[in-house]
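Next come the chains, spelled out residue by residue.
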Amino acid sequence: MSQPRTGTPGDVEEIHWPSLVAAISSISAVGIAIGLGLPLLSIILEKRGISSTLIGLNTAMAGISAMAAAPVTTKLAHKYGVAPTMLWAVLISALSALGFYYAEDFWMWFPLRFAFHGATTTLFILSEFWINAASPPSKRGFVLGIYATVLSLGFAAGPLLFSILGSDGIFPFLVGAGAILLAAIPIFIARDESPVLEEKPELHFMRYVLLVPTATAAVFIFGAVEAGGLSLFPIFAVRAQFTESQAALLLTMMGVGNVIFQIPLGLLSDRIRDKRPLLAGMALMGFIGSMTLPILVNNWLLMAGMLLFWGGCVSGLYTVGLSHLGSRLTGSDLAAANAAFVFCYAMGTVAGPQVIGAAIDVAGNNGFAWAIAAFFGLYALLSGIRLMFVRKRT
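Note that the structure is predicted; figures quoted are calculated from it, not measured.

K.L.:
Help me out: how do you make sense of the overall build of the protein chain in this one?
P.N.:
A tally of regular secondary structure across the protein chain gives 16 helices and 0 strands. Scaling as 2.2 N^0.38, a compact globule of 394 residues should have a C-alpha radius of gyration of about 21 Å, and the protein chain matches this with 20 Å. For the protein chain, the C-alpha atoms occupy an extent of roughly 55 × 50 × 30 Å along the three principal directions. Expressed as a percentage of its 394 residues, the buried residues of the protein chain come to 52%. Partitioning the intrachain contacts of the protein chain with sequence separation of at least 6 by distance along the chain shows that 85% fall at a separation of at least 24. On the protein chain, roughly 17,400 Å² of surface is accessible, and the fraction owed to carbon and sulfur atoms is 69%. Each charge class in the protein chain was averaged separately, 21 positive and 19 negative side chains, and the resulting centres sit 10 Å apart.

What follows is the structure, encoded as structure tokens:
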């Protein structure tokens, strides 16, 4: 059996804008729907008297579904084509999004969550593969920076829509399902531009997790810190004597950092042949920023400034990690590795809240910062050791 193609230059010499517009706009529409749906569903369950534990259990179906969908996505795309698979995923996610309104019994929300997040996971994997395939190696980081920026804006627009629409009636569900269905338009228009998977991946799915470990570990840390940090930061901030509105504004500063640093980090990664030192450096900065959280709790402005920069470091792990993946693999191997990439992200979203929540229970409020620092520190240490090992071999 031949080895997967690593380090092979891509076939694309210039940015292929029709493909990129299709992939980026479609997944951004899905991002808006997810950003609207997550608070909408939680509030409705709260109104129905469902316990927080059960709400959390239902929400955790997102990560479980993503881990289940990731290994089969590449097989479906190989059999039916990238664009047709994405169009079916759009339809399934839109129907399941609307289905929440009609599902009276709570147990029905579990298969609906599984279908919705499984379909959106397929869209994320194939969109990112499409973007990587349509990007020239010299500009891949820049293109992925645009993708991450637009996607972040889509996620931010979702809660804003929720604040306008509220949780009553069918209208919020129609808006969410409609946003997802809009994603089908650019995919259909550019369907003939979608990449073709002519060969099956050469390795078993889980082998791709280990094939580019710097990238897959980076996205695991990103998922853990993003999911755990965003969900538990309000608790940390309120216990540190910030008001709820101040805590919300601090989260907003993290989101702003997420948006404004994506393209600059992408451009920087394009200038660096080996992306691994940049990933290790961002993890180290994330570690330092996490350790300063307990020190800055008495100064909102300093905390806001640090979180602005820290948010950029966190999100950069995803963007640069994805760029590193695209620089190492091509074709079916890249599609399979992209699925492994999203699988590791989903694992992080499941592990992060559990570890960080337990750290708060065991070590008090500062356990929040220490647990996040441990995630960053472990990645920085392991990636540093790997870098030294690889350089000694060469």
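On we go.
K.L.:
What exactly am I supposed to notice about the packing of aromatic side chains here?
P.N.:
Given two aromatic rings, their pairing is described by the distance between the two centres and the angle made by the two planes. According to the stated counting rule, one finds 11 aromatic pairs in the structure shown. Measuring from ring centre to ring centre gives 5.0 Å for Phe100 and Trp109, while their planes differ by 70°; the resulting arrangement is edge-to-face. Overall, the relative accessible area of 0% leaves Trp109 in the buried class. Between Tyr101 and Phe173, the aromatic rings sit 5.6 Å apart at their centres with planes inclined by 55°, giving tilted as the arrangement. In this pair, Tyr101 is assigned in helix 4 (residues 82–102) and Phe173 in helix 7 (residues 171–182), connecting sequence segments 72 residues apart. The exposure class of Phe173 is buried, given its relative accessible area of 5%. Members of the aromatic cluster, each reached through a chain of ring pairs, are Phe222, Tyr318, Phe341 and Tyr345.

K.L.:
Please explain the nonpolar core as it appears in this structure.
P.N.:
Looking at soluble globular proteins, one finds that nonpolar side chains tend to be buried together. Trp130, Met303, Leu307, Trp310, Leu317, Phe368 and Phe376 are the most contacted members of the largest nonpolar core, which totals 118 residues. At 14 residues, the largest contribution of residues to this core is made by helix 1 (residues 17–47). Each of domain 1 (16–196) and domain 2 (206–393) gives at least three residues to this core. Setting aside residues up to four positions removed in sequence, Leu317 forms contacts with Ala218, Ile221, Phe222, Leu279, Met282, Ala283, Phe376 and Tyr379.

K.L.:
Help me out: how do you make sense of the domain arrangement of the protein chain in this one?
P.N.:
How big an interface is tends to be expressed through the accessible area that disappears when the partners come together. Each assigned domain of the protein chain is listed here: domain 1 (16–196) and domain 2 (206–393). Here the C-alpha centroids of domain 1 and domain 2 sit 22 Å apart. Each partner contributes to the interface: domain 1 provides 26 residues, whereas domain 2 provides 27 residues. Of all residues in domain 1, Met67, Glu128 and Phe129 bury the most surface against domain 2, accounting for 23% of the area lost on that side. Along the contact surface separating domain 1 from domain 2 lie 9 residue pairs in polar contact (both at pLDDT 80 or more). A total of 11 residues in the side of domain 1 that touches domain 2 trace back to one element, the largest contributor, which is helix 6 (residues 140–165). When its residues are assigned to classes, the side of domain 1 that touches domain 2 shows 14 nonpolar, 9 polar and 3 charged.

K.L.:
Help me out: how do you make sense of the packing of helix 12 (residues 262–270) against helix 14 (residues 300–328) in this one?
P.N.:
Helix packing geometry: the angle between the two helix axes and the distance between the axes. Running from N to C, helix 12 and helix 14 point in directions that differ by 40°, and their axes come no closer than 9 Å. The pairing of helix 12 with helix 14 is recorded here as oblique in orientation. In the crossing of helix 12 with helix 14, the sense of the turn from one axis to the other is right-handed. On the side of helix 12, the interface is formed by Gln262, Leu265 and Ser269, while helix 14 contributes Gly312, Ser315, Gly316, Thr319, Val320 and Ser323. In the contact of helix 12 with helix 14, the residues fall into 2 nonpolar, 7 polar and no charged.

Cut-off values and rules
- Counting restarts for each chain: residues are numbered from 1 in the order of the written sequence.
- This being a predicted model, a pLDDT of at least 70 is required before a residue's local features are given, and a value of 80 or more before pairs of side-chain atoms are given or counted; all residues contribute to the totals for chains, interfaces and linings.
- In computing side-chain values, all of the structure's heavy atoms are included and hydrogens and water are not.
- Strands are runs of DSSP state E lasting at least 2 residues, helices are runs of H or I lasting at least 4, and numbering of each runs from the N terminus.
- With C-alpha atoms as the basis for the radius of gyration, the globule rule is written as 2.2 Å multiplied by the number of residues raised to the power 0.38.
- Between buried and exposed lies partly exposed: a residue is buried under 20% and exposed over 50% of the maximum accessible area for its type, with that area taken using a 1.4 Å probe on protein chains only.
- Note on definitions: a residue-residue contact is assigned when non-hydrogen atoms from the two residues lie within 4.5 Å.
- Note on areas: these come from Shrake-Rupley sampling with a 1.4 Å probe, and a residue is covered only by the protein chains present in the view.
- This count recognises Lys and Arg as positive and Asp and Glu as negative, with His and chain-terminal groups excluded.
- Every charge is mapped to an atom, namely NZ of Lys, CZ of Arg, CG of Asp or CD of Glu.
- We call Phe, Tyr and Trp rings a pair once their centres come within 6.5 Å, taking the six-membered ring for Trp, and we label the pair stacked below 30 degrees between planes, edge-to-face above 60, and tilted otherwise.
- Joining through side-chain atoms within 4.5 Å is the link that ties buried Ala, Val, Leu, Ile, Met, Phe, Trp, Tyr and Cys residues into a set, and such a set is a nonpolar core.
- Where each domain begins and ends follows an automated or database-derived domain assignment.
- By buried area we mean how much accessible surface two parts lose on assembly, using a 1.4 Å probe and totalling the loss over both.
- By the criterion applied in these results, polar contacts are pairs of N or O atoms within 3.5 Å in which, for protein atoms, one can donate a hydrogen and the other can accept it, and in which residues neighboring in sequence qualify only through two side-chain atoms.
- Each residue is assigned to one class: nonpolar for Ala, Val, Leu, Ile, Met, Phe, Trp, Tyr, Cys and Pro, charged for Asp, Glu, Lys and Arg, and polar for all the others, Gly among them.
- Between N-to-C directions, angles cover 0 to 180 degrees, with each direction set by a line fitted to C-alpha atoms, over the stretch in contact for helices.
- With respect to orientation, any angle under 35 degrees is reported as roughly parallel, any angle over 145 as roughly antiparallel, any angle of 65 to 115 as roughly perpendicular, and every other angle as oblique.
- A clockwise turn of the near helix away from the far one marks a right-handed crossing, whereas an anticlockwise turn of less than a right angle marks a left-handed crossing.

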